[in-house]
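Listed below are the residues making up each chain.
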Amino acid sequence: MTRGAGFHWVGDGFYVTQVIPGPYDLTRAADPFLMMDYHAPYHYAPTDTPRGVGVHPHRGFETVTLAFEGSVAHHDSTGAGGVIHPGDVQWMTAASGVLHQEYHEAEWARRGGTFHMMQLWVNLPAAHKMDPPRYQALTADRMGRVDLPGGGVVTLVAGSLGDATGPAQTVTPIELWDVRLTPSETAELAVPVSHHAMVFVLDGQVTAAGSTIAAQHLALFDHDGAALVLTAGGEGCRFVVLAGEPIDEPIASYGPFVMNTRDELIQAVDDFNAGRFGRIG
Ligand code: MN
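As the structure is a prediction and not an experimental result, all values here were calculated from the model.

1. A look at the overall build of the chain
Step number 1: When you go through the chain residue by residue, the secondary structure sums to 3 helices and 23 strands.
Step number 2: On C-alpha atoms alone, the chain measures out to a radius of gyration of 18 Å, which is about the 19 Å that the 2.2 N^0.38 rule sets for 281 residues.
Step number 3: Taken over the C-alpha atoms alone, the chain extends approximately 55 × 45 × 35 Å along its principal axes.
Step number 4: Excluding contacts between residues fewer than 6 apart, the proportion of contacts in the chain whose partners are at least 24 apart in sequence is 70%.
Step number 5: Accessible area for the chain stands at about 12,100 Å²; split by element, carbon and sulfur atoms hold 50% of it.
Step number 6: Once the 15 positive and 31 negative side-chain charges of the chain are each reduced to a mean point, those two points are 7 Å apart.

This is the structure in structure tokens:
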């Protein structure tokens, strides 16, 4: 069970703790998830100058942004842009490369309020690292839903549970679920046996295999084909299930570039410096 090592600012708008890989070496265990930045609930004062992070590149993977509270605006070098509202998920396949900027949405920033989000970096296999970039704006109304017998609800962003499927089109098989359980409820959530599986607790606490996972902690599961069996504490709980088929390829990473080899990283830096990631108009 792990958590990040303190909080740090990304730009001036995102106060996050890096849970994956964090202070531990989770690169193998968390594969295909390269990174998780968790922005715990944090109050921002009203401002006419939205906070955020300025223009930066990504190549070789996907960024997946889950907005729990607050709204994020983004603009990128393909001309795409939009707003991620609470309950929405943006699945950005950077692949061969995008330049983008991420800010608090202007209207939300003017009002101020509590901001709560998560950003994942999901690796791409070598065969897809140089694909064209793609966006999936997954709005809250499109998510899959499973009502559990004990009153809990599973909201599916990606992957399938029972008859429900999340709307995300993923390059490799991935499950990404937002789960709410009622007080003391036990849920059995089936994850394919070949997939790495992790649970990150947002609220309350969860007991699994005799261990208690506290809020803002990540647990990695060994599972042998049986479902993940998770029991909420007496206050109920909310957690995110992150699971996926390991890609199991060499990783060469340098800041916002994650490739397979050092030569590919050098190429990425050259391409970025030569303006081949395009521009933001
Ligand atoms: Mn970014």
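2. Quick look at the nonpolar core
Step number 1: Within the largest apolar cluster, 29 residues are counted, with the highest numbers of intra-cluster contacts made by Met-118, Leu-176 and Leu-242.
Step number 2: At 4 residues, the largest contribution of residues to this core is made by strand S3 (residues 33–44).
Step number 3: Residues from two domains meet in this core; each of domain 1 (8–140 + 250–273) and domain 2 (143–244) gives at least three.
Step number 4: Core analysis: the second largest hydrophobic core is formed by 27 residues, Leu-156, Val-191, Val-199 and Ala-219 among them.

3. Observations concerning unusual backbone geometry
Step number 1: Of the consecutive residues Ile-20 and Pro-21, the connecting peptide bond is found in the cis state with omega at -10°.
Step number 2: Tracing the backbone shows Pro-21 in the loop between strand S2 (14–20) and helix H1 (27–30).
Step number 3: Looking along the chain, the bond that leaves Asp-31 and enters Pro-32 is cis, with omega of 15°.
Step number 4: As for its placement among the helices and strands, Pro-32 is situated in the loop between H1 and S3.
Step number 5: Positive phi is not limited to glycine here, since Ser-184 has a value of about 65°.
Step number 6: Of note, Ser-184 is situated in the loop between strand S16 (174–181) and strand S17 (186–189).

4. Structural notes on the pairing of strand S10 (residues 113–123)
Step number 1: Within S10, 10 of the 11 residues are buried, leaving the element largely enclosed by the surrounding structure.
Step number 2: The pairing of S3 with S10 spans 9 bridges and is classified as antiparallel. Note that in S10 the partner of Tyr-44 across the bridge is Gly-113.
Step number 3: Here 8 bridges tie strand S5 (residues 61–69) to S10, and the two strands are oriented antiparallel to one another. Residue pairing for S10: Thr-65 is matched across the bridge by Gln-119.

5. Some remarks on the coordination of the manganese ion
Step number 1: Taken together, His-56 (NE2), His-58 (NE2), His-100 (NE2) and Glu-102 (OE) make up the full set of protein donors to the manganese ion, lying 2.1 to 2.4 Å away.
Step number 2: Donor residues binding the manganese ion come from one chain and are separated in sequence as H-x1-H-x41-H-x1-E. Taken together, the residues His-58 in strand S4 (residues 52–58) and His-100 in strand S9 (residues 98–104) connect sequence positions 42 residues apart.
Step number 3: Overall, the relative accessible area of 2% leaves His-58 in the buried class.

6. Describing the packing of aromatic side chains
Step number 1: According to the stated counting rule, one finds 15 aromatic pairs in the structure shown.
Step number 2: Both rings, one in Trp-9 and one in Tyr-42, keep their centres 5.7 Å apart while their planes meet at 90°; by these two values the pair is edge-to-face. With a gap of 33 residues between them, Trp-9 in strand S1 (residues 8–10) and Tyr-42 in strand S3 connect regions that are remote in the sequence.
Step number 3: Relative accessible area serves as the criterion here: at 36%, Trp-9 is assigned to the partly exposed category.
Step number 4: A relative accessible area of 29% means that Tyr-42 is categorised as partly exposed.
Step number 5: Pairwise contacts between aromatic rings join Phe-7, Trp-9, Phe-14, Tyr-15, Tyr-42, Tyr-44, Trp-108 and Phe-115 into one cluster.

7. A word on the pattern of salt bridges
Step number 1: Summed over all chains, the structure comprises 6 salt bridges.
Step number 2: One salt bridge connects Arg-28 with Asp-248, and the closest N-O pair in it is separated by 3.2 Å. Taken as a pair, Arg-28 in helix H1 and Asp-248 in the loop between strand S21 (228–244) and strand S22 (252–254) lie far apart in primary sequence, 220 residues in all.
Step number 3: A relative accessible area of 58% places Asp-248 in the exposed class.
Step number 4: We note a salt bridge from Asp-178 to Arg-238, for which the minimum N-O separation is 2.6 Å. Pair noted here: Asp-178 is in strand S16 and Arg-238 is in strand S21, with a separation of 60 residues, a long-range link.

Thresholds applied
- Residues numbered from 1 in each chain as written.
- Predicted model: local features only at pLDDT ≥ 70, side-chain atom pairs only at ≥ 80, totals over all residues.
- Heavy atoms only, no water.
- Helix = DSSP H or I, 4+ residues; strand = E, 2+ residues; numbered from the N terminus.
- Rg over C-alpha atoms; globule rule 2.2 N^0.38 Å.
- Contact = heavy atoms within 4.5 Å.
- Areas by Shrake-Rupley, 256 points an atom, 1.4 Å probe, with all protein chains shown as cover.
- Lys, Arg positive; Asp, Glu negative; His and termini not counted.
- Charge placed at Lys NZ, Arg CZ, Asp CG, Glu CD.
- Core = buried A, V, L, I, M, F, W, Y, C linked by side-chain atoms within 4.5 Å.
- Buried < 20%, exposed > 50% of the residue type's maximum accessible area, 1.4 Å probe, protein only.
- Domains from an automatic or database assignment.
- Pairing = 2+ DSSP bridges.
- Donors = N, O, S within 2.8 Å, 3.2 Å for Na, K, Ca; no water.
- Phe/Tyr/Trp six-rings, centres within 6.5 Å; stacked < 30°, edge-to-face > 60°.
- Salt bridge = Lys/Arg side-chain N within 4 Å of Asp/Glu carboxyl O.

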